[in-house]
Amino acid sequence: MNNSWVSRNKIKVALSAAIAFGAVGGAWIPASSTVSAAASYETKITYGVNMRVQASAGSDKIRMLKKGEQVHVVGQANAYWLHVLTPRGESGYISSSSQYSTYSGPSGSTGGTTSPGVSSKRDQVVSIAQSYIGRVSYGYGVRNESRLIFDCSSFTQFVYGQAGVSLKWGTSVQKSQGKAVSRANLQKGDLIFFDTVGSNNGVINHVGIYMGNGQFIHNTPSADGVAIHSLTSGWWKDRYVSSRSVI
């Protein structure tokens, strides 16, 4: 009896209970991947500004970014907020007002006045999810944004919410949101659903986010956090059930 068999069967027991509640489970998976730091921190803070957990003035404050600090702008959440990464590995939101940073929008646009297009929003969803690798913990039936503890569907809800896309909590609901997309036509930022208990009978109990190039990112108990895996090979290949586009 090898360790992977033991891990998988332990998770099966937990997931059987999860299905009864229509929530999101997890499964045995190989070791998690890591995400590299931003290629550059091209934007300078020009006036002290609060970095917050979500794109809202009422959201919890991570800390104040001081004048002179450099950040990487992942994207524009909406007309008022920028999603940024710091050299410390922090991910959060700051005001898009020109008084706070040198950011001028993608490709030299004026910025701060338009929401990102569909393509950039898909990229943004993936970038946001990646920024939480190593920071989020898994908790079945938990949605605790201040402590960054989620199950897999509360994590997708949290990530998409930061990109301005509203999702409900629970795979039983998310599996019907948006529009159906075939496996062959998956795009970056699509939701993908799995059956992780026993043989694949199409009973959805886990959700992740498609990243492109045959990979997806998800919050799972086996990694106690966010991990990246292949959808085209390995254990997850035969666990796929369906996918939805919500962008």
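Remember, it's a predicted structure, so these values are computed and weren't measured experimentally.

Draft legend 1. Spotlight on the overall build of the chain. If you tally the helices and strands in the chain, you get four helices and 15 strands. The proportion of buried residues among the 247 residues of the chain is 49%. For the chain, long-range pairs separated by at least 24 residues make up 60% of all intrachain contacts whose partners lie at least 6 apart in sequence. Just so you have it, the chain exposes about 11,300 Å², and 49% of that area is on carbon and sulfur atoms.

Draft legend 2. Region of the structure containing unusual backbone geometry. Of note, L148 is a non-glycine position whose phi angle comes to about 55 degrees, a positive value. Of note, L148 is situated in the loop between strand 8 (143-144) and strand 9 (149-150). Note on L148: relative accessible area 13%, which makes it buried. Positive phi values are uncommon outside glycine, yet N213 reaches one of about 55 degrees. Checked against the element boundaries, N213 lands in the loop between strand 12 (206-212) and strand 13 (215-220). For N213, a relative accessible area of 81% translates into the label exposed.

Draft legend 3. Structural detail: the nonpolar core. Formed by 31 residues in total, the largest nonpolar core has its most connected members in Y132, F155, Y160, L191, I209 and I217. Mapped onto this core, the elements with two or more residues apiece are helix 2 (118-131), helix 3 (152-162), strand 11 (191-194), strand 12 and strand 14 (225-230). Considering each element in turn, this core owes the most residues, five residues, to helix 3. Beyond its immediate stretch of four places on either side in the chain, L191 contacts T156, Y160, L167, Q174, V207, G208, I209, S242, S243, R244 and V246.

Draft legend 4. Quick look at the pairing of strand 6 (residues 91-95). Burial within strand 6 is extensive, with five of its five residues counted as buried. Across five bridges, strand 5 (residues 81-85) lies against strand 6 in antiparallel orientation. Bridging across to strand 6, L85 finds its partner in S91. Between the end of strand 5 and the start of strand 6, which pair antiparallel, lie five residues, with G89 showing a positive phi angle near 95 degrees.

Draft legend 5. Representation of the packing of aromatic side chains. Summed over the entire model, instances satisfying the criterion amount to nine aromatic pairs. Ring centres of W235 and W236 lie 5.1 Å apart, and the angle between their planes is 90 degrees; this geometry places the pair in the edge-to-face category. Across the pair, exposure class does not vary: W235 and W236 are buried alike. Here the aromatic residues Y132, F150, F155 and F158 are joined through ring pairs into a cluster of three or more.

Procedures and definitions
Residues numbered from 1 in each chain as written. Predicted model: local features only at pLDDT ≥ 70, side-chain atom pairs only at ≥ 80, totals over all residues. Heavy atoms only, no water. Helix = DSSP H or I, 4+ residues; strand = E, 2+ residues; numbered from the N terminus. Buried < 20%, exposed > 50% of the residue type's maximum accessible area, 1.4 Å probe, protein only. Contact = heavy atoms within 4.5 Å. Areas by Shrake-Rupley, 256 points an atom, 1.4 Å probe, with all protein chains shown as cover. Core = buried A, V, L, I, M, F, W, Y, C linked by side-chain atoms within 4.5 Å. Pairing = 2+ DSSP bridges. Phe/Tyr/Trp six-rings, centres within 6.5 Å; stacked < 30°, edge-to-face > 60°.

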